[in-house]
Amino acid sequence: MVTWVADGVLAVLSSVLEVAALVAFWFAEGLKQWAAGGKPVVGFRVRLWLVLTAGPAVLAGVSYEAFRAGLPATGVAQALVAAVLAGILALGVGTECSRWAARAFRRSGAGRRARRGKAL
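Model, not experiment: these values are computed from the prediction.

*Asks:* Even after reading the chapter, I still don't get the environment of A86, so can you show me in this structure?
*Replies:* Structurally, the position occupied by A86 is in helix 3 (residues 72-108). What makes A86 partly exposed here is its relative accessible area of 34%. C-alpha separation for the pair A86 and V23, spaced 63 residues apart in sequence, amounts to 16 Å.

In structure tokens form, the structure reads like this:
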């Protein structure tokens, strides 16, 4: 009984701390952008990708070790938070890839030719 209570408390506490750390990161990055007058901050994307790739990787390891230690609720909670972070990363990468493809399409001139009705 004590292990179940400890497992539940650990699952909730670790999840809350991870979400709070992510919110603090976004808040700090927002402050940097606000201080820059709304202009893009150098290195923001790199720091964001680092947080969103290292976070799920570490959480997957924590989840695995929690299951091995006999803490199933903590393992499931860590796996769910890792899945959410990986989903945010996938959405962000998809957005960046679509922006890159649109810029490449415009630079190639294919977009202008298609609008004029000429063959590509």
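*Asks:* Even after reading the chapter, I still don't get the pattern of salt bridges, so can you show me in this structure?
*Replies:* One pass over the full model with this rule turns up 5 salt bridges. Here R47 makes a salt bridge to E29, at a shortest N to O gap of 2.9 Å. Taken together, the positions of R47 in helix 2 (residues 44-68) and E29 in helix 1 (residues 2-35) put the pair 18 residues apart, joining distant regions of the chain. For R47, a relative accessible area of 25% corresponds to the partly exposed category. Looking at E29, the relative accessible area reads 5%, which means it is buried. Salt bridges sharing partners connect three or more residues here, namely E29, K32 and R47.

Parameters at a glance
Residues numbered from 1 in each chain as written. Predicted model: local features only at pLDDT ≥ 70, side-chain atom pairs only at ≥ 80, totals over all residues. Heavy atoms only, no water. Helix = DSSP H or I, 4+ residues; strand = E, 2+ residues; numbered from the N terminus. Buried < 20%, exposed > 50% of the residue type's maximum accessible area, 1.4 Å probe, protein only. Salt bridge = Lys/Arg side-chain N within 4 Å of Asp/Glu carboxyl O.

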